[in-house]
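# Reading the structure
Spelled out from the first residue to the last, the chains are:
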Amino acid sequence: MICSIDFGRSQIRSLALDTAGVRPLKYAQVSSTYLAFPATDVLRQALSSQQVSVLSCGDSLLVAGTDQAQVRDLCQQPPIPLFPGGRVPREEAAARQLLYLLTQTMLPEPERADDVCVLTVPTRSVGPDDEGTEFLERLIRMRGYQPRVLGAAEAAMLAESRQSLFSGVSAVVGAEASSVCVARHGLVYATNTHSVSGNAIDRRIAHQFSMNTWDAAGISYPDFERIREWRQGLSEEKGLLQNSQVAKLVEILSDSVAQLATSVLEAVADGMLELNPQETIPVVLAGGLSKTPRLTDLLADELSLQSGQRLRFHVRLADEPELAVVRGGLVYGMLDFRSNAMAAKRAA
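Residues numbered from 1 in each chain as written. Predicted model: local features only at pLDDT ≥ 70, side-chain atom pairs only at ≥ 80, totals over all residues. Heavy atoms only, no water.

Taken in spatial order, the five strands of this open sheet run β3-β2-β1-β8-β9, and their pairing is mixed. The open sheet terminates on both sides in strands that have one partner only, identified here as β3 (26–31) and β9 (146–149). Between one strand axis and the next, the sheet turns through 15° on average, direction left out of account. Across the face of the sheet, helix α3 (residues 93–106) comes into contact with β1 (2–7), β2 (11–17) and β3 while running at roughly 30° to β2. Seen against the sheet, helix α4 (residues 131–143) touches β1, β8 (116–120) and β9 and runs at an angle of roughly 145° to β9. (Pairing = 2+ DSSP bridges. Helix = DSSP H or I, 4+ residues; strand = E, 2+ residues; numbered from the N terminus. Axes fitted to C-alpha atoms, helices over the stretch in contact; angles between N-to-C directions. Contact = heavy atoms within 4.5 Å.)

Okay, structure coming up:
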């Protein structure tokens, strides 16, 4: 069994593939949030009547995964992120318990002791020595898999750059940060991270278009779910340039796109020895925000402007922007499996 799991700030996604080819590819997805209810008998009975899985933690009843949609109307608080600030939680016992349960649920039973699971972590919790990364690796081991950590942009490169022979630039715009990778023939020569994020942009959208939700005390919060649906829905409309809301959205995006372009150019400069500046450099854009209308055009224009038109870029949207990272993780796992199989064959 080969698995990949993308611990994203907005969604956690997993893919599993039977190495024997007997069972089909298995996909799972849950929101990276949970709901907290007061541990009263009334609420406990209400949740039980709807057959919702509940975790008791102190004075709270916690609901995570797909069950949230069933009982959201009962909760007087907005969803709580499993990765506050885009980082793996350190002190939040509830979030850590839920991450353990979700990992156990989303990954199938391993077939062998050396089965591999490739994981990508929230962009702000990166590096082999990071405590959050170690915690997620430990969850993978507890499920029975051997963990392999892979960066989000590197995963997107493996998933989406076959036509360019796994060469060029991949950029993943995440909910709390962005990551960039420069590679040639699958070998990574430069990486970069930046604070450009979907949530930061969505907060500005919430303020501009009054897309908020309120808790029981009347405190307003950005309605991220509604905003994401609105943004992605715009991409299917016609006459986008005549849409005043889209025009305002483009204005909101401009600063962030300029920062992202700077991050891409810095990574390209670091890896320039391995890229031919006379050729068009392919750039693939992934992540939930990448589906926002005109984002690829804006990034292409900004890259041309900031490079003084000395470099040529072809920016395109990933075929499956939201699945690119978890798909790339599975590709990495398959390569790892084949490499180990060949090594074992040679040793025999």
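In this structure the tally under the stated criterion is zero disulfides. C75 takes part in no disulfide bond, and the closest cysteine sulfur to it belongs to C57, at a distance of 15 Å. Judged by its relative accessible area of 12%, C75 falls in the buried class. Sulfur of C117: no disulfide; nearest cysteine sulfur belongs to C3 and is 5.3 Å away. (Disulfide = S-S within 2.5 Å. Buried < 20%, exposed > 50% of the residue type's maximum accessible area, 1.4 Å probe, protein only.)

Which parts of space are left empty comes out when a probe the size of a water molecule is rolled across the atoms. Following the criterion strictly, the structure yields one cavity of 30 Å³ or more and no others. Looking at the largest cavity, its volume works out to about 40 Å³. As for the largest cavity, its lining consists of V173, V196, I201, L253, S256, V257, L260, L289 and L295. Considered class by class, the residues forming the lining of the largest cavity number eight nonpolar, one polar and no charged. (1 Å grid on protein atoms, 1.4 Å probe; cavity = no way out; pocket = protein on both sides within 12 Å on 5 of 7 lines; lining within 4 Å. Points joined across faces, edges and corners; volume = space filled by probe spheres on them. Nonpolar A, V, L, I, M, F, W, Y, C, P; charged D, E, K, R; others polar.)

Okay, the packing of helix α7 (residues 224–234) against helix α8 (residues 244–270) next. The N-to-C vectors of α7 and α8 enclose an angle of 110°; their axes lie 11 Å apart at closest approach. By the criterion of interaxial angle, the relationship of α7 to α8 is roughly perpendicular. Here W230, R231 and L234 of α7 come into contact with α8, specifically with Q245, V246 and L249. Residues of the contact of α7 with α8, tallied by class, amount to four nonpolar, one polar and one charged. (Parallel < 35°, antiparallel > 145°, perpendicular 65-115°, else oblique.)

To continue, consider unusual backbone geometry. Although it is not a glycine, L165 sits at a positive phi angle of roughly 60°. With respect to the helices and strands, the residue L165 is situated in the loop between α5 (152–160) and β10 (168–173). Note on L165: relative accessible area 53%, which makes it exposed. Of note in this structure, S210 is not a glycine but carries a positive phi near 55°. Among the structural elements, S210 can be located in the loop between α6 (198–209) and β13 (212–214).

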